[in-house]
Amino acid sequence: MARSYVKEARQRVGPKRDRIVPVVERLLAEHPDATIALTFRNDLELLVSVMLSAQTTDVNVNRVTVRLFEKYRTPHDYLAVSPEELENDIRATGFFRQKAKSLRGTMAILLEEFDGQVPGTMDELLRLPGVARKTANVVIAERGEAQGIVVDTHVRRLSQRLGFTRQEDPVKIERDLIRLVPRRYWNAFPHLLIWHGRRVCIARAPRCEVCVLNDLCPSSRLGAASGAAPGGAGSARDSV
Ligand code: SF4
């Protein structure tokens, strides 16, 4: 991106600290239905759903878990069948061998160390096989008090386009967001960016002309003096 455009974009929208609350408030008004798209009835189903959602869509996971959760109701149930049977039951989510292995390992630890319950802290969740920071963040946020900010592909793209981070690594992006986003918004923030990313700030063709953030976004096409387009190489990460 040309330096002149970066400077123009930064001046046009102002500092990120002044923009973050208006951005969140506008997204809350725009996407009041922005919640997790996975279907679950309890903490165990939440954990399993999030683990299965790696590398596939929430819609696909929900299709699989309709039957899965009728058959597997407790951690014992996942260990009572053969690995092959569990693999077969989650096959449609992809990477099913690795996911089945992680699920079985997780269920064993839940039984051995947590009385069969899903633990509540980041450190405890990260001890479960196949549970990385993103999965743990989703589980904790859905249970009430977020201890971090979930960074998926949409959160990453929109945070970059909005000039909230210049990082590529999800852990570093989360660190930037934690410093910027008021804690009261930590639960809602990822859902808002995910839904805005699906509906408006689409990866290949952002719809800046109908975006409620276009006067607050350094990557907006409407404000691009040089014709640089948002998305791809045109995001305004350097403007943070
Ligand atoms: S103005 Fe454009 S680039 Fe910025 S958030 Fe909206 S759709 Fe995305």
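Residues numbered from 1 in each chain as written. Predicted model: local features only at pLDDT ≥ 70, side-chain atom pairs only at ≥ 80, totals over all residues. Heavy atoms only, no water.

K.L.:
Even after reading the chapter, I still don't get the overall build of the protein chain, so can you show me in this structure?
P.N.:
Along its length, the protein chain carries twelve helices and zero strands. Here the protein chain holds 240 residues, and 49% of them are scored as buried. Counting contacts in the protein chain only where the partners sit at least 6 residues apart, residues at least 24 apart contribute 62% of the total. A total accessible area of about 11,800 Å² is found for the protein chain, and carbon and sulfur atoms account for 50% of it. Where the 37 positive side-chain charges of the protein chain centre and where its 29 negative ones centre are 8 Å apart. (Helix = DSSP H or I, 4+ residues; strand = E, 2+ residues; numbered from the N terminus. Buried < 20%, exposed > 50% of the residue type's maximum accessible area, 1.4 Å probe, protein only. Contact = heavy atoms within 4.5 Å. Areas by Shrake-Rupley, 256 points an atom, 1.4 Å probe, with all protein chains shown as cover. Lys, Arg positive; Asp, Glu negative; His and termini not counted. Charge placed at Lys NZ, Arg CZ, Asp CG, Glu CD.)

K.L.:
Looking at this structure, how should I read the pattern of salt bridges?
P.N.:
Two side chains with opposite charge may pair up if their charged atoms get near one another. The final tally for this structure, using the stated rule, is 16 salt bridges. Its salt-bridge partner being Arg133, residue Glu174 comes within 2.7 Å of it at the nearest N-O pair. Here Glu174, found in helix H11 (residues 170-180), pairs with Arg133, found in helix H9 (residues 133-142); they are 41 residues apart in sequence, far enough to count as distant. Residue Arg179 is joined to Asp176 by a salt bridge in which the shortest nitrogen-to-oxygen separation is 3.5 Å. Separated by three residues within a single helix, Arg179 and Asp176 lie in helix H11, roughly one turn from each other. Under the relative-accessibility criterion, Arg179 is labelled exposed at 54%. On the accessibility criterion, Asp176 (17% relative accessible area) is buried. If you follow the salt bridges from partner to partner, you end up with Arg41, Glu45, Glu70 and Arg73 in one network. (Salt bridge = Lys/Arg side-chain N within 4 Å of Asp/Glu carboxyl O.)

K.L.:
Could you clarify how one ought to interpret the nonpolar core in this entry?
P.N.:
Nonpolar side chains tend to gather and get buried jointly when the protein is soluble and globular. With 34 residues, the main nonpolar core has Tyr78 and Leu103 as its most contacted residues. Put simply, the parts of the chain that give this core at least two residues each are helix H3 (43-52), helix H4 (58-71), helix H6 (83-90), helix H7 (96-113), helix H8 (122-125) and H9. In terms of residues, this core owes the most to one element, H3, which gives seven residues. If we ignore the near neighbours within four places in the chain, the residues touching Leu103 are Val48, Met51, Leu52, Tyr78, Leu86 and Ile90. In this structure, Leu27, Ile149, Phe164 and Val181 belong to the second largest nonpolar core, which totals 30 residues. (Core = buried A, V, L, I, M, F, W, Y, C linked by side-chain atoms within 4.5 Å.)

K.L.:
Help me understand empty space enclosed by the protein, please; the structure alone is not making it clear to me.
P.N.:
Gaps left between atoms are located by rolling a probe of water-molecule size over the structure's atoms. Throughout the structure, instances matching the rule amount to one cavity of 30 Å³ or more. A volume near 130 Å³ is recorded for the largest cavity. Contributing to the lining of the largest cavity are 16 residues, with Arg161, Cys201, Cys208, Cys211 and Cys217 lying nearest its centre. Of the residues belonging to the lining of the largest cavity, the class tally is ten nonpolar, four polar and two charged. (1 Å grid on protein atoms, 1.4 Å probe; cavity = no way out; pocket = protein on both sides within 12 Å on 5 of 7 lines; lining within 4 Å. Points joined across faces, edges and corners; volume = space filled by probe spheres on them. Nonpolar A, V, L, I, M, F, W, Y, C, P; charged D, E, K, R; others polar.)

K.L.:
Sorry, what's going on with the confidence of the model for the protein chain here?
P.N.:
Detailed reading of predicted coordinates is not advised where the pLDDT is low. Chain-level pLDDT for the protein chain is 91 on average; 92% of the residues reach the 70-or-more range. Every residue in residues 225-234 is under pLDDT 50, and counting partners more than four places away or in other chains gives 17 contacts. (pLDDT = per-residue confidence, 0-100.)

K.L.:
What exactly am I supposed to notice about the layout of surface pockets here?
P.N.:
The calculated volume of the largest pocket comes to roughly 760 Å³. Surrounding the largest pocket, 36 residues form its lining, Val50, Ser53, Ala54, Asp58 and Lys134 being those nearest its centre. Mapped onto the lining of the largest pocket, the elements with two or more residues apiece are H3, H7, H9, helix H10 (153-161) and helix H12 (188-199). Class assignment of the residues belonging to the lining of the largest pocket gives a composition of 17 nonpolar, 13 polar and six charged.

K.L.:
I tried to follow the packing of helix H2 (residues 16-30) against H12 on my own but got confused; where do I start?
P.N.:
When two helices pack together, you describe them by how their axes are tilted relative to each other and by the distance separating the axes. Between H2 and H12, the least distance of the axes is 10 Å, while the angle of their chain directions is 65°. With respect to their mutual orientation, H2 and H12 come out roughly perpendicular. In the crossing of H2 with H12, the sense of the turn from one axis to the other is left-handed. Contacts from Ile20, Val24, Leu27 and Leu28 in H2 reach Ala188, Phe189, Leu192, Leu193 and His196 in H12. Per-class residue counts for the contact of H2 with H12 are eight nonpolar, one polar and no charged. (Axes fitted to C-alpha atoms, helices over the stretch in contact; angles between N-to-C directions. Parallel < 35°, antiparallel > 145°, perpendicular 65-115°, else oblique. Left-handed = near helix turned anticlockwise from the far one by under 90°.)

K.L.:
Whenever I open this one, the side chain of Thr106 confuses me. Can you help?
P.N.:
Tracing the sequence through the fold places Thr106 in helix H7. Contact partners of Thr106, with chain neighbours within four places excluded, come to Leu47, Met51, Leu128, Pro129 and Val131.

K.L.:
What should I look at first to understand unusual backbone geometry in this one?
P.N.:
For Phe95, which is not glycine, the phi dihedral falls at a positive 45°. The topology assignment puts Phe95 in the loop between H6 and H7. Phi is positive for Asp115, close to 60°, though the residue is something other than glycine. Tracing the backbone through its elements, the reader meets Asp115 in the loop between H7 and H8. Residue Asp115 is classed as exposed on the basis of its relative accessible area, which comes to 70%.

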